[in-house]
Amino acid sequence: METTNRPDEWRIEQGLEGHKLSILDQSGPELIHIYPPSQQARVKDEEAIAAVGDRDELFKREKEGWRGYVEWEKYPEKKAQAHKILTSQTFDPTPDYMFGQIPATNPVLTGEDFKQWHHALGGELANVPDDSWKIVLREKHPDMLHLLQFPYNGEPPKRLVTSKPITPNPLHFVRNHGGIPIIEKDKWSLCMDGLVKQAKTYTLDDLMDESKFPRMQTTITMQCSGTRRYEQISLYGGQGDEVPQAPWAEGAIGTAQYTGISLKKVIKDCGGLVAPAKHLELYGAETYIKDLEAMNYVVSIPWSKVKANEVILAWEMNGEPLPKIHGYPLRVVVMGYIGARSVKWLYRIKAIENPSRAPVQSKEYLYFNQQVGKYNLRPTDGIQIQEMPVSSAIMSPWMKQAVIHTGTIHCKGWAYSGGGRWPERVELSADGGFSWYDVPPENMSKKGRWTWRTWQMDLPCQVEGWIEIVCRCWDNALNTQPLNVRAAWNWGLHVTSSAHRISVYSVNKNNPATRQRINKMEQLGIPLAPVTRYQPLSTQSMEEYEQYWKEHDPRDVDE
């Protein structure tokens, strides 16, 4: 018999292949199915690209000792040339893992689109993807979870996220927007210009001169606003900036001790700001490509934040020179703000009047109302994300894990709040959020204005079967977390600040029947895992079954 069904029909019908579904257009008199386009052949206008010029000459190395750096912000014509090259050809589409299956590989995503764009521009950018990956393999822990190979996005596995209150450099999460520039310390310089009384250029030795700039050493938790993004995309699709499918989990957070100087002191050394300056624009040396436009990574922070001595120019991380992947030789660390404001590979600071109009600041890292979506979104509808809200996460046990216990389940995790606030209380629930237990203060790491608190607790639980463990935090201002993901969902997929929920199968050995069954399985060598596997082991003998009905009423009631 002929059939029109596809082999994956069941998966499509059940929403497991949502990216293959048609859009139903019910806006007219007739129903129209709009299907995803089939993959088209690559197109390349060689003549238009050749007319732009020699790419090796156009995008050649800008400075001696600065490998992988191209200056875009000073040269609009160079941006236009790059845009022409990128729009004169097509590239392979980004695979959609929002509704489809996420690959069981490490790296999870390879970033082929970003690699193709860099190779298309050529010149100094041609080798950046390969150079960057070599640095990842050299500087990062071998167990890191590589969510995106290029530009590199990675987090440590859950078992190592809170293994120490201070995150070792090889395990600290990384969220890069472009390739890793390789800059020699002696060739590096920082330009401070814009609305300052006297523009200046500094070497690293200048900034490290303690007679001019007193040292700062501060322990700071840095968190990506995409932390726990997977909880949003597992329920509702969205588009988180240029990597809509990057499935960040609970590890996009880390704590380190940074050494450097206050940005406020550098501005003072330039004679201070000149009216109407109210913001500082920060320039990173990596090349970032957004909407086929090439640019340097540029964001801004308000002067009020700098004036409070809450912005560090750091050259040291956990007692060591900054790793290349974390911004060597100098980076910005903005206390209590989203990680996106802590610019790496810093080479310029410009005093300006208003927040930066650069795309990363003006069009990304925005928090939208739930009624704002793909087809009605405007950047001005979003709130620019600066301070991180209160958040927390359970690191152990894991989602869908079975736990054998005797009345308490041992849980571990982290809690954090931005803006100089700190976690005051962490609470856990074993019944989906109906009843709560607070983590004993002695089971939490030390308080700090700019740091997380790691915690652990034996959570009371007498239940047999599936339970939902929930974690929430209260900070010192009594801010807490919304109780469900839907309350925090937004099209930008930022700031999953809802209470963290995991489903766990509780196997309670305080239950005599449970204890007896487990002991019998162990005696017979029957494996306990996975918990959903059928095991042909009788739970009652027929004699026990018959004895029960001799002692109890029958199933049906006699007339």
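Residues numbered from 1 in each chain as written. Predicted model: local features only at pLDDT ≥ 70, side-chain atom pairs only at ≥ 80, totals over all residues. Heavy atoms only, no water.

Visitor: Could you clarify how one ought to interpret the environment of alanine 477 in this entry?
Guide: As for its placement among the helices and strands, alanine 477 is situated in the loop between β26 (465-475) and α13 (485-488). A residue is classified by how much of its surface remains accessible, and alanine 477, at 46% relative accessible area, is partly exposed. Through-space distance from the C-alpha of alanine 477 to that of aspartate 209 is 38 Å; in sequence the pair is 268 residues apart. (Helix = DSSP H or I, 4+ residues; strand = E, 2+ residues; numbered from the N terminus. Buried < 20%, exposed > 50% of the residue type's maximum accessible area, 1.4 Å probe, protein only.)

Visitor: Hey, could you run me through the environment of glycine 251 in this one?
Guide: Within the fold, glycine 251 resides in the loop between α9 (229-233) and β11 (253-262). When the C-alpha atoms of glycine 251 and glutamate 210 are compared, they prove to be 36 Å apart, with 41 residues separating the residues in sequence.

Visitor: How should I be thinking about the pattern of salt bridges in this particular structure?
Guide: For side chains of opposite charge, pairing can occur when their charged atoms come near one another. Taken as a whole and assessed by the stated rule, the structure comprises 30 salt bridges. With a closest N to O distance of 3.3 Å, aspartate 475 and arginine 421 form a salt bridge. One end of the pair, aspartate 475, is in strand β26; the other, arginine 421, is in the loop between β22 (408-416) and β23 (423-429), and 54 residues separate them in sequence. Its relative accessible area of 1% is what places aspartate 475 among the buried residues. Here the salt bridges share partners, and the residues they tie into one network are Arg6, Asp8, Arg11, Glu17 and Lys20. (Salt bridge = Lys/Arg side-chain N within 4 Å of Asp/Glu carboxyl O.)

Visitor: Can you walk me through the layout of surface pockets in this structure?
Guide: One way to see where empty space is left: roll a probe the size of a water molecule over the atoms. Size it by volume and the second largest pocket reaches roughly 940 Å³. Looking at the second largest pocket, it is lined by 34 residues, and the ones nearest its centre are Lys158, Tyr230, Ala249, Glu250 and Met399. Listed by contribution, the elements that provide at least two residues to the lining of the second largest pocket are β4 (145-148), α9 and β27 (500-508). For the lining of the second largest pocket, the leading source of residues is β27, giving four residues. (1 Å grid on protein atoms, 1.4 Å probe; cavity = no way out; pocket = protein on both sides within 12 Å on 5 of 7 lines; lining within 4 Å. Points joined across faces, edges and corners; volume = space filled by probe spheres on them.)

Visitor: Which parts of the structure should I look at to understand the sheet that holds β26?
Guide: Sheet strands pair via backbone hydrogen bonds, and the direction of the pair is either parallel or antiparallel. Reading across from one edge, β21-β27-β26-β23-β24 is the order of the five strands in this open sheet, with mixed pairing throughout. On the outer flanks of this sheet lie β21 (401-405) and β24 (437-438), each paired with one strand and no other. Where β21 meets β27, five bridges bridge the pair, whose relative direction is parallel. Within β27, the residue paired with isoleucine 404 across the bridge is valine 507. (Pairing = 2+ DSSP bridges.)

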